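# Chains, contacts and geometry: an overview
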Amino acid sequence: MPGETVEGKVTFPEDYGHAPLAGKTVTMKITATKLESRVLPEVNDEFAKKASGMESVEAMRNNIHETYMKNRKEMTKAKAQSLLLEKLLEKTEFPLPEGMIERYSQNILQGRFQELSQNNGFANLAEGDFEKMKDEAKTEAEKFAKTQLFLLTVAKKEGLEATPQEMNATLRQIAMRNGRDIKELQEHYQQNNLYPALRDRIVADKAMDAIYDK
């Protein structure tokens, strides 16, 4: 009830999103500040107009259904593509450039370190955690490099390219998703020579779609 405080042990799963707490058992103390109940409105045409801008409940339900089905199809396709790519890579062996692995590993580690510094996670690192992070980063980098090289080779064989319009559209999506100004993002990509990586990403996606379609 409001004002009541409870304390107890909580164990976080191994794949918990916040790395310093993953797999750890901690003591948590929680105080309830207030008690609320949800009162749902009546689902009628007036509600539909306020909630979705649709003229009727039927129109709102149809829109929800279409959106849901579209999302489910995209999720199913993504899962199928991932499985298809995994099976193809199992049947394909080729040497990976060490410089490429090192670059990807450093990028992955830099991201992990940034996350740890933002959440004061370095204080929770145990002995051997750093070496474990390096090994995990290298494994992830090798997988990414093999996937990228495979798809770019397919793209070259199929004559697939990324147009300037597609690159700009992708940048706009990235800007909207991260709440950034598109011109500022374009300058950032230009100054840091990120356009080749963006082009490779688009071309690799096209190659995956081509494999999936066939």
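In what follows, the structure referred to is the one given above.
The following paragraphs examine the structure supplied in this document. (Residues numbered from 1 in each chain as written. Predicted model: local features only at pLDDT ≥ 70, side-chain atom pairs only at ≥ 80, totals over all residues. Heavy atoms only, no water.)

### Brief notes about the layout of surface pockets
Put simply, the rule reads: In this analysis a 1.4 Å probe is tested at points of a 1 Å grid over the protein atoms alone, and where it fits but cannot get out there is a cavity; an open set with protein on both sides within 12 Å along at least five of seven lines is a pocket; lining residues have an atom within 4 Å of a point. Grid points are joined across faces, edges and corners, and a volume is the space filled by probe spheres set on the points. Residue polarity is assigned by list, with Asp, Glu, Lys and Arg as charged and Ala, Val, Leu, Ile, Met, Phe, Trp, Tyr, Cys and Pro as nonpolar; anything else, Gly included, falls into the polar class.
Of the voids in this model, the largest pocket is the one considered here, and its volume is about 1,100 Å³. Along the wall of the largest pocket there are 34 residues; nearest its centre are Tyr104, Phe144, Gln148, Ala197 and Arg201. When its residues are assigned to classes, the lining of the largest pocket shows 18 nonpolar, seven polar and nine charged. The volume enclosed by the second largest pocket comes to roughly 520 Å³.

### Description of the nonpolar core
Where we set the bar: Each nonpolar core is a collection of buried residues, namely Ala, Val, Leu, Ile, Met, Phe, Trp, Tyr and Cys, held together in the definition by side-chain atoms within 4.5 Å. Using a 1.4 Å probe on the protein chains alone, a residue whose accessible area is under 20% of its type maximum counts as buried, one over 50% counts as exposed, and one in between counts as partly exposed. What makes two residues a contact is simply this: any of their non-hydrogen atoms within 4.5 Å.
With 22 residues, the main nonpolar core has Phe150, Leu151, Leu171, Tyr189 and Leu198 as its most contacted residues. Once you skip the residues sitting within four places of it in the chain, Phe150 turns out to touch Leu85, Leu88, Leu89, Thr92, Phe94 and Ile211. With 10 residues, the next largest nonpolar core counts Ile108, Leu116, Ala137 and Ala145 among its residues.

### Quick look at the side chain of Ser105
Which entries qualify depends on this criterion: Only DSSP runs of H or I with at least four residues qualify as helices, and only runs of E with at least two residues qualify as strands; both kinds are numbered from the N terminus onward.
One can find Ser105 in helix 3 (residues 98–118). The residues touching Ser105, leaving out its near neighbours within four places in the chain, are Ala137, Lys138 and Ala141.

### What about the pattern of salt bridges?
The condition is simple: A pair is scored as a salt bridge if a Lys or Arg side-chain nitrogen falls within 4 Å of a carboxyl oxygen belonging to Asp or Glu.
The full count for this structure, using the stated rule, is nine salt bridges. Lys29 is paired through a salt bridge with Glu7; the nearest N and O atoms lie 3.8 Å apart. With Lys29 in strand 2 (residues 25–31) and Glu7 in strand 1 (residues 5–11), this residue pair connects regions lying 22 residues apart in the sequence. A relative accessible area of 60% places Lys29 in the exposed class. The partner of Glu46 in a salt bridge is Lys50, with the nearest N and O atoms 3.7 Å apart.

### Regarding helix 6 (residues 182–191)
Owing to its 3.6 residues per turn, the α-helix brings residues three or four apart onto one side. Filter applied, for reference: This arc is taken over the directions from the axis of the helix to the C-beta atoms. Pairs of N or O atoms are called polar contacts if they sit within 3.5 Å, as long as, within protein, a hydrogen donor faces a hydrogen acceptor (for residues adjacent in sequence, only side-chain-to-side-chain pairs).
All of the buried residues in helix 6 are Ile182, Leu185 and Tyr189. The buried residues of helix 6 occupy an angular sector of 60 degrees when the element is viewed end-on, so they sit on one face. Seen from the buried face of helix 6, the exposed residues on the opposite side, beyond 90 degrees, are Lys183, Gln190 and Gln191. If you follow the buried residues of helix 6, they end up packed against helix 5 (164–178) and helix 7 (195–213). Two or three places before Lys183, at the opening of helix 6, Asp181 has a side-chain oxygen 3.2 Å from that residue's backbone nitrogen. Positive backbone phi, at 55 degrees, marks Asn193, one or two positions downstream of helix 6.

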